[in-house]
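Fold and contact review
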Amino acid sequence: MSVTAPLGFTAAGLTAGLKPSGTKDLSLVINNGPDTAVAAVYTSNRCKANPVLWSQKASANGQARAVVLNSGGANCYTGDFGYETTTLTAQTTAELLTGAGTETPAEDVLVCSTGLIGVGGQDFRDSIVNNLAPLVAAADTSVEAGQSAAEAIMTTDTVAKTASRTGSSGFTIGGMAKGAGMLAPGLATMLVVITTDAKLDQTVLDQALRASTSRSFDRLDTDGCMSTNDTVILMSSGAHDASVDADEFTTLLRELCLDLMHQLHVDAEGAHHDIAITTKGAASEADAVEVSRSVARSALFKAAIFGEDPNWGRVVAQVGTTSADFDPTQIDVIINGVQVCTASGPDEDPANVTFDRTVDVSIDLHAGDDTATVWTSDLTHDYVEENSAYSS
């Protein structure tokens, strides 16, 4: 169910001492080939962590042998020392892989970190570098190894997130993800590693990844906060012999990304309700996304859903803040199947709306034929409490 599901990949996760809890915090995924193609997308936050700065350069040639990930510290805004730590992590891992018989330049090792910004001093460096040898030695193809790798990237996550898909010709895609807060992506989101044994050109991998993330991870917006470390990596070993249809691969990759995205969604920090906001009848997909995302980021709307108040006025008011093409007098709103607003006026009694964990909000702009969904969470006491205490 994880990154070790496809042929050609090994993984590991262990405790390096980065977390006070003593839980797993250092993860590794190795592509044993024969191919080492990679595609990656990164945060569009202008304030980028050192691992992102390194990996963007390293993945630019479309090749990667391994990715090292840590939780327990973001290594962001830790100065030249922090970037040197990332470089040393890649160099040491490359030397270990080369020593094990797989010639690997440092530039073929990508690095990801997650945790508090500003964490990345000498103890952080030592904990990572001194544990890379046992991490490489522990890597294998087992389900347990894939699970350990997924557990080692968790921060405030309550469960590890993994998924897999198999194509008609037998190729496999596997993935792991972490994320429970700061879920408001730009180009990518959270930390995600996806592996496949499908033999595909790097250009096809890149196109498939961008098409998939744009309609999955990019549509999850639980708290409007974009991380400095967001990274999604797709590696291909090419170990599956049969031919692969690029369209089928893209479809399954999108399914896997949506699966992981929904796992992230339901584990969002402090959430009591998982909300899907679908805008239809839009003049363009971009308009539909803008409207849904605007509502998803409204603190008033999110607070209303927490209180199980079907306050459609807060939806309509938020739609009006966008630049989308629509007639302000022709907006319809449906909440959990009840049409509470028609043509921007009251319709069915809001008291008829019933709530459970899942909340569906549908907005019809009557301005075109495009549709888009953005997923968010309610604003709860638990969310505030968890994020007020996280750094301690």
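The name recorded for the protein in an unreviewed UniProt entry is Arginine biosynthesis bifunctional protein ArgJ, from Brevibacterium epidermidis. For the protein, the Subcellular location (unreviewed entry) comment in UniProt is given as "Cytoplasm". On record in UniProt, under Sequence similarities (unreviewed entry), the comment for the protein is "Belongs to the ArgJ family."

Topic: the UniProt feature "binding site: substrate" (unreviewed entry) in the protein
When the UniProt feature table is mapped onto this chain numbering, "binding site: substrate" (unreviewed entry) sits at Thr155, Lys178, Thr189, Glu269, Asn387 and Ser392. Relative to the assigned elements, Glu269 resides in the loop between α7 (246-266) and β10 (274-282). Of the residues examined, Glu269 reaches a relative accessible area of 10% and is grouped as buried.

What about the sheet that holds strand β6 (residues 161-166)?
With mixed pairing, 5 strands are arranged side by side in an open sheet as β3-β9-β8-β7-β6. The outermost strands of the open sheet, each flanked by one partner alone, are β3 (37-42) and β6. Within this sheet the neighbouring strands show an average axis-to-axis angle of 10 degrees, counted without direction. Examined bridge by bridge, β3 and strand β9 (residues 231-236) share 6 bridges and lie antiparallel to one another. For Tyr42, the partnering residue across the bridge sits in β9 and is Thr231.

Here we look at the sheet that holds strand β15 (residues 370-377)
Taken in spatial order, the 6 strands make up an open sheet running β13-β12-β11-β14-β10-β15, and their pairing is mixed. Of all the strands in the sheet, the pair left with one neighbour each is β13 (345-346) and β15. The sheet contacts of helix α9 (residues 299-306) involve β10, β14 (358-364) and β15, and relative to β10 the element is tilted by about 125 degrees.

Here is what the cut-offs are and how they apply
- Residues numbered from 1 in each chain as written.
- Predicted model: local features only at pLDDT ≥ 70, side-chain atom pairs only at ≥ 80, totals over all residues.
- Heavy atoms only, no water.
- UniProt positions renumbered as here; feature names shortened; annotations may be inferred.
- Helix = DSSP H or I, 4+ residues; strand = E, 2+ residues; numbered from the N terminus.
- Buried < 20%, exposed > 50% of the residue type's maximum accessible area, 1.4 Å probe, protein only.
- Pairing = 2+ DSSP bridges.
- Axes fitted to C-alpha atoms, helices over the stretch in contact; angles between N-to-C directions.
- Contact = heavy atoms within 4.5 Å.

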